[in-house]
Amino acid sequence: MLDQYGRKIEYMRISVTQKCNLKCIYCDPDGENCKDSKDDSLTPREFEKVVRSMVEAGIKKIRVTGGEPLLRRDICEIIYRISEIDGIEDIGMTTNGIQLLKMAADLKAAGLHRLNISLDSLKPEKFKFITGGGDLKKTMAGIDRALSLGMTPVKINTVLIKGINDDEVDDLIELTRDRPIEVRFIELMPMGSFGEDNRDKIIHNDDLIATRPGLQYLERTDKGSPAVYYQMAGYTGKIGFISPMTHQFCSDCNRIRLTSDGKIRPCLGNNGEVDIREALDLKADNFNQIVRQIILDKPKGHHFGADFTSSRRMNMIGG
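Quick caveat, the model's predicted, so the values are computed rather than measured.

A separate point is the nonpolar core. A general trend in soluble globular proteins is that nonpolar side chains are found buried together. Counting 69 residues, the largest nonpolar core has Met-12, Phe-185 and Ile-276 as its most contacted members. Those residues within four positions of Phe-185 in sequence are excluded, and the remaining contacts are Thr-158, Leu-160, Val-169, Leu-172, Ile-173, Asn-205, Leu-208, Ile-239, Gly-240, Phe-241 and Ile-242. Counting 16 residues, the second-largest nonpolar core is a separate cluster that includes Ile-25, Leu-188, Phe-194 and Ile-202.

Written out as structure tokens, the structure reads:
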């Protein structure tokens, strides 16, 4: 399905929980946003209903996120239900990898294809500082397990922060030498208190590329992807750069987001959202109509730094 700006919307991110077992400094250093509050998350059946309707509207790819999705005891059931829906071509997951070693095999058996793993440092003490207590050994063991199971390419997501982990760029690139890994450097965004208060710590990806002449540009095969890819000569993996601050990629955006408590955010960088919880009880045709309208109304682009905290309810519920 096309939105109002002619973009073909095919990709949906599904947050299955708000909870997380880490307190990353740029995300939730106080742990306030990831507390174990009352459980108002959608059930596996509700996630399935939303995805089925999204497939009717053209969604083909799903990425499961959190918080930390592996904290849900029924995560494999959620993955399995989604994988059984005709029309879904790819299911990925973003995780911090802390519990991945023991869960990767079950996730693959349930139908998970690929993994994005957050990794902001290769130094144990620095990793612990950035993540608010994370164990680097556990995340690295999870990466190795995913590779051994053939869940490739494994994508590593690294948020670079000036003065904290920008000295590790080349070490992270080295992970791609002999393994099918895609290391992706993400510009720090002015979202949340850390991002807003540390704009001076934003590292522009253009500067990283300009100072590494060994990087070879790779032609884009997926214009909907936010990453621009390069490769070092002779290396197995790739290096990606996601640059929301210096290169807004909204004109090619093909995705929307479903939150764990039943709200759809048509733009990942805009807090405007539509609460569909009540609409889940509607008949399929009526619910599909609501979903299609949400996609059609997807905004033109993000507005990082602006206040978009309001939530709107669909006036079509029941109609």
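Time to look at the side chain of Thr-176. Looking at the secondary structure, you find Thr-176 in the loop between helix H6 (169-173) and strand S6 (181-187). Setting aside residues no more than four positions away along its own chain, Thr-176 makes contact with Ile-181, Val-183, Tyr-235, Thr-236, Gly-237, Lys-238 and Ile-239.

Turning next to the pattern of salt bridges. Applying the stated criterion to the full structure yields 18 salt bridges. In this structure, Arg-72 engages Asp-74 in a salt bridge whose closest nitrogen and oxygen atoms are separated by 2.8 Å. Classification of Asp-74 as partly exposed rests on a relative accessible area of 23%. The residue Glu-168 makes a salt bridge to Lys-126 at a minimum N-O spacing of 3.2 Å. Remark: Lys-126 occurs in helix H4 (residues 124-131) and Glu-168 occurs in the loop between strand S5 (154-160) and H6; sequence separation between them is 42 residues. The class of Glu-168 is buried, set by a relative accessible area of 1%. What makes Lys-126 buried here is its relative accessible area of 17%. The network of salt bridges with shared partners includes Glu-48, Arg-52, Glu-77 and Arg-81.

This part takes up helix H5 (residues 136-148). Compared with an ideal rise of 1.5 Å per residue, which puts 13 residues at 18 Å, H5 spans 18 Å between its outermost C-alpha atoms and is within 8% of the ideal. Those residues of H5 that sit buried are Leu-136, Thr-139, Gly-142, Ile-143, Ala-146 and Leu-147. Down the axis of H5, the smallest arc covering the buried residues is 135°, so these residues share one side. Exposed side of H5, more than 90 degrees from the buried face: Lys-137 and Ser-148 are the residues found there. Sitting at the head of H5, Asp-135 places a side-chain oxygen 3.0 Å from the backbone nitrogen of Lys-137. Following H5 by one or two positions, Gly-150 has its phi on the positive side, about 75°.

The next thing to look at is the packing of helix H3 (residues 100-110) against H5. One can describe the packing of H3 onto H5 by two numbers: an axis separation of 8 Å at closest approach and a directional angle of 25°. On the basis of their axis angle, the class for H3 and H5 is roughly parallel. Crossing of H3 over H5 shows right-handed handedness. In this structure, H3 uses Leu-100, Leu-101, Ala-104 and Ala-105 to contact H5, whose residues at the interface are Ala-141, Gly-142, Ile-143, Arg-145 and Ala-146.

Per the counting criterion, the structure on display carries three aromatic pairs. Aromatic side chains Phe-185 and Phe-241 sit 5.8 Å apart centroid to centroid with 35° between the ring planes, which places their arrangement in the tilted category. Remark: Phe-241 occurs in strand S9 (residues 238-242) and Phe-185 occurs in strand S6; sequence separation between them is 56 residues. Look at Phe-185 and you get buried, because its relative accessible area is 0%. For Phe-241, a relative accessible area of 3% gives the class buried. Taken together, a centroid distance of 5.5 Å and an interplanar angle of 70° make the contact between Tyr-217 and Tyr-230 edge-to-face. In this pair, Tyr-217 sits in strand S7 (residues 215-217) while Tyr-230 sits in strand S8 (residues 227-232), placing the two residues 13 residues apart along the sequence. Under the relative-accessibility criterion, Tyr-217 is labelled partly exposed at 43%. Through a chain of ring-to-ring contacts, three or more aromatic side chains come together here, namely Phe-185, Tyr-217, Tyr-230 and Phe-241.

Reading the values: the criteria
Here, residues in each chain are numbered from 1, in the same order as that chain's written sequence. This being a predicted model, a pLDDT of at least 70 is required before a residue's local features are given, and a value of 80 or more before pairs of side-chain atoms are given or counted; all residues contribute to the totals for chains, interfaces and linings. To get the side-chain values, take all heavy atoms of the structure and skip hydrogens and water. Only buried residues count toward a nonpolar core, which is a set of Ala, Val, Leu, Ile, Met, Phe, Trp, Tyr and Cys residues joined through side-chain atoms within 4.5 Å. Under the scheme applied here, a residue whose accessible area is under 20% of the maximum for its type counts as buried, over 50% as exposed, and between as partly exposed, the area being computed with a 1.4 Å probe on protein chains only. Here, two residues are considered to be in contact whenever any of their heavy atoms come within 4.5 Å of each other. For the purposes of this entry, the term helix denotes a DSSP run of H or I that reaches at least four residues, the term strand denotes a run of E that reaches at least two, and both are numbered from the N terminus. What counts as a salt bridge is simple: a side-chain nitrogen of Lys or Arg found within 4 Å of a carboxyl oxygen of Asp or Glu. Working rule for helices: expected span equals 1.5 Å times residues minus one. For this quantity, the arc is that covered by the directions from the helix axis to the C-beta atoms. Pairing of N or O atoms within 3.5 Å defines a polar contact, subject to two protein rules: one partner must be a possible hydrogen donor and the other a possible acceptor, and residues neighboring in sequence count only if both atoms are side-chain atoms. Axes here mean lines fitted to C-alpha atoms, for a helix over just the part in contact, with angles spanning 0 to 180 degrees between N-to-C directions. The labels follow the angle: roughly parallel below 35 degrees, roughly antiparallel above 145, roughly perpendicular from 65 to 115, and oblique for the rest. Note on convention: near helix rotated counterclockwise from far helix by under a right angle means a left-handed crossing. Clockwise means right-handed. Any pair of Phe, Tyr and Trp rings, taking the six-membered ring for Trp, is counted once the centres come within 6.5 Å. Such a pair is stacked with planes under 30 degrees apart, edge-to-face with planes over 60 apart, and tilted for the rest.

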